[in-house]
Amino acid sequence: MNLKIGVAVAALALAACGGDETKNSVTNNVTANNTTANNTTPNNTSNNTTPNNTTVNNTTANNTTVNNTTEPLKDPPTCADTPAPPRCSENPDDHVWGPASVVDFFLVEGTDTDPVCCYDYTGDGEIDNSLGFNLAGFGFLADINSSVATSIASGSLVLALEHEGLTDLANDDAFIMNFYIAEHDVADFATTGFQADSNPVLIDPASLDQGSQPQAYLPSASATAGDIVAGPGAVKIEITLFDSPLQLTISQARSDAKIAAGSTLGAEGVALSSGQLGGVVKIRDIFVAVNEFSAGACECLGLGAEQLVNPDTGTCAEGRMTQACTDAGEDTCAEVAGACNLFGAVGLFADVDLDGDGLFESVSIGAAYTAVGATINGVAP
């Protein structure tokens, strides 16, 4: 998500605060889905056209149903586990980085007539993207996507993908798609921009758990006949809003894309077209993220032990005064508190029942992306 992944979820916060000053940051901790309950056959249907900094053609959007299940998504291996993943004890300077990509286009999908992207999470044969659909309906989506595009073009938002274990672009059913926040390893990216291939990047150390182990990844990736499919999993993302973190989890996250011509397993890297990224976010997690932001960054609100948003009901703290934040020069906190009811309204967007109790407690999201081939040159100092 800088996107990154989950920009659609952060969009509520961005919309509340105007969006223009936002720096979206770090993707974090993806949870692998270790059950077979909601693993379905990957959809290898192409989208027929390649999105490239223009409107994405989703006329044959992926209609794969990700079956709802009462089985909880299990946490992925982390460096705190026993045994820990091997890369936890590996010096990042010694790691041989796999084939890589860097995102050059990211668009939170949704129009006022059709959600268009990306997956069916409810089993009704229709694409589910309630968040994008509603943000578009309220008039926020265009500004959000414009802000993201500007950040990508300027180089302030860099999302790198490492295709760990990918050995055959035509047929490989056993690799992992790792996500990193990165920086361009060139003297002046704003001038040079993206190249056709071999775009060098350095990984942000915050994207690593320990050693060279990534904090964010989608398991069960496969390459078949020119398509890459990864997930499902649950992606925990951290998005920095005005230098304060919002942490959210995208459950049943999936990605699929087409491998573009000219891609290699070497220095040229793996270029991707017609990319789709989707998942669902629990409404409660959005409220918790807003509360964590307010508690960590907004002392001027005087919340103390009180929460800005009740995570169970979505209602806002009564009579919260924001003038103190304005007087202290903390306008962002004043705006977040002043727009508290906007966060609470996201509960109206819920369209997915993740836990199988018959109640909608989560909201679906979807985004389109493309990526150019890249080379990971190591970890940024």
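The structure displayed is predicted, hence computed values, not measured ones.

Caption draft 1: Spatial organisation of the pattern of salt bridges. Under the criterion given, the structure shown has four salt bridges. Its salt-bridge partner being Glu-164, residue Arg-87 comes within 3.1 Å of it at the nearest N-O pair. In this pair, Arg-87 is assigned in the loop between β1 (27-32) and β2 (100-108) and Glu-164 in strand β3 (residues 159-164), connecting sequence segments 77 residues apart. The exposure class of Arg-87 is buried, given its relative accessible area of 7%. Judged by relative accessible area, Glu-164 falls into the partly exposed class, the value being 25%. Notably, a salt bridge pairs Asp-312 with Arg-284, separated by 3.0 Å at the nearest N-O pair. Of the two residues, Asp-312 sits in the loop between α5 (283-297) and α6 (323-327) while Arg-284 sits in helix α5, which places them 28 residues apart along the sequence. One network of salt bridges, in which partners are shared, links Arg-87, Glu-162 and Glu-164.

Caption draft 2: Representation of the side chain of Ser-255 within the structure. Here Ser-255 shows up in strand β8 (residues 244-259). In this structure Ser-255 comes out as buried when scored by relative accessible area, which is 1%. Engagement of the side chain of Ser-255 in a polar contact is seen with the backbone oxygen of Gln-276, the distance being 3.4 Å. Residue contacts for Ser-255: discarding those within four places in its chain leaves Tyr-119, Met-177, Leu-218, Ile-228, Val-229, Ala-230, Gln-276, Leu-277 and Tyr-369.

Caption draft 3: Representation of the confidence of the model for the chain within the structure. The predicted model of the chain has a mean per-residue pLDDT of 77, with 75% of residues at 70 or higher. At the low end of the mean pLDDT range in the chain sits helix α1 (residues 7-16), at 35; at the high end sits strand β5 (residues 199-203), at 96. Overall, residues 1-65 carries pLDDT values under 50, and its contacts beyond four positions in sequence, including any with other chains, amount to 215 contacts.

Caption draft 4: The arrangement of unusual backbone geometry in detail. Note the cis peptide between Thr-82 and Pro-83, where omega equals 0°. Checked against the element boundaries, Pro-83 lands in the loop between β1 and β2. Look at the link from Gly-231 to Pro-232: it is a cis peptide, with omega at 5°. Along the chain, Pro-232 turns up in strand β7 (residues 227-241). In the Ramachandran plot, Ser-220 falls in the positive-phi region, its phi being about 55° despite a non-glycine side chain. As for its placement among the helices and strands, Ser-220 is situated in strand β6 (residues 216-224).

Reading the values: the criteria
- Residues numbered from 1 in each chain as written.
- Predicted model: local features only at pLDDT ≥ 70, side-chain atom pairs only at ≥ 80, totals over all residues.
- Heavy atoms only, no water.
- Salt bridge = Lys/Arg side-chain N within 4 Å of Asp/Glu carboxyl O.
- Helix = DSSP H or I, 4+ residues; strand = E, 2+ residues; numbered from the N terminus.
- Buried < 20%, exposed > 50% of the residue type's maximum accessible area, 1.4 Å probe, protein only.
- Polar contact = N/O pair within 3.5 Å; in protein donor to acceptor, adjacent residues only side chain to side chain.
- Contact = heavy atoms within 4.5 Å.
- pLDDT = per-residue confidence, 0-100.

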